[in-house]
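Residues per chain are reported as follows:
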Amino acid sequence: GGPCQVGIESTIVSVAGDDWQLLRHGMITEQAVMHVAGKPAITVATYTPKAPGQHLLHYSPRTPSQLLHDVAKIKAFVATHTNCVALLMDPVEVGCPALTIGHEPAHAAELLYAQLHQLDAMGAQHLLIQAVPDTDAWAGIRDRLQRATYGLNT
């Protein structure tokens, strides 16, 4: 059916009485939910998945994928490995084929899965993903990338 307007899964919130808990990050930020709820989310001491997409590993490309914190780490990895592809925020040369998602969270969310599928289809041995900013606006995308690369993040 073509590209989805939001691109990533929705934010999921559990409401019990006057309390709420963020179950899954999406493009509606925790700050926005807190504004509507009038108070911060409750936190739970034990982690038990209650909604789709809450497992530590969720939607993972077939190509072994790593989430790397900056372009320098991606370049260093490519220098010592062959047959890599990369997903970056900016169109910079990293020594392998790369696609970009930019710096606007809503646009990046629209592109995310299509870009990952395109890179996955290239048949590389390594898919390197640049980490996105650690801000509320990027939380849904960051969550998807961390789950897609669970166990391989550096």
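Located above this text is the structure these notes cover.
Just so it is clear, the structure is predicted and the values come from calculations on it, not from any experiment. (Residues numbered from 1 in each chain as written. Predicted model: local features only at pLDDT ≥ 70, side-chain atom pairs only at ≥ 80, totals over all residues. Heavy atoms only, no water.)

**Side note on helix H3 (residues 105-120)**
The following threshold applies: By the criteria applied, helices consist of DSSP H or I runs no shorter than four residues and strands consist of E runs no shorter than two, each listed in order from the N terminus. What a helix should span is 1.5 Å times the count of its residues minus one. Here the bend at a residue is taken as the angle between two axes, fitted respectively to the seven residues that end there and the seven that start there. Burial here depends on accessible area, computed with a 1.4 Å probe over protein chains only, as a share of the maximum for the residue type. Under 20% is buried, over 50% is exposed, and the range in between is partly exposed. Residues are treated as being in contact if the distance between any of their heavy atoms lies within 4.5 Å.
Across its 16 residues, H3 extends 22 Å between first and last C-alpha, which sits within 8% of the 22 Å expected from 1.5 Å per residue. Along H3, the sharpest kink reaches roughly 40 degrees, centred on Leu 111. Of the residues making up H3, those classed as buried are Pro 105, Ala 108, Ala 109, Leu 112, Tyr 113, Gln 115, Leu 116, Leu 119 and Asp 120. The elements touched by buried residues of H3 are strand S4 (84-88), strand S5 (98-100), strand S6 (126-130) and helix H4 (139-148).

**Looking at the nonpolar core**
Which entries qualify depends on this criterion: Within this scheme, the nonpolar core is defined by two criteria: the residues are buried Ala, Val, Leu, Ile, Met, Phe, Trp, Tyr or Cys, and they are joined through side-chain atoms within 4.5 Å.
One finds Leu 87, Leu 116, Ile 141 and Leu 145 to be the most contacted residues of the largest nonpolar core, which totals 21 residues. Elements with a contribution of two residues or more to this core: S4, H3, S6 and H4. Once you skip the residues sitting within four places of it in the chain, Leu 145 turns out to touch Leu 67, Leu 112, Leu 116, Ile 129, Gln 130 and Val 132. Counting residues in each nonpolar core, the second largest holds 10 residues, with Phe 77, Cys 84, Ala 86 and Val 94 among its members.

**Topic: the pattern of salt bridges**
Condition: One speaks of a salt bridge when a side-chain nitrogen belonging to Lys or Arg is within 4 Å of a carboxyl oxygen belonging to Asp or Glu.
All chains considered together, the criterion is met by five salt bridges. Between Arg 62 and Asp 120 there is a salt bridge whose closest N-O contact spans 3.9 Å. Remark: Asp 120 occurs in helix H3 and Arg 62 occurs in the loop between helix H1 (30-37) and strand S3 (65-68); sequence separation between them is 58 residues. The exposed category is assigned to Arg 62, whose relative accessible area is 69%. Between Arg 147 and Asp 143 there is a salt bridge, and its shortest N-O distance comes to 3.0 Å. Here Asp 143 and Arg 147 lie together in helix H4, a separation of four residues that amounts to about one turn. You'll find Arg 147 and Asp 143 in the same group, each marked buried. Look at the salt bridges and you will find they share partners, linking Asp 143, Arg 144 and Arg 147 into a network.

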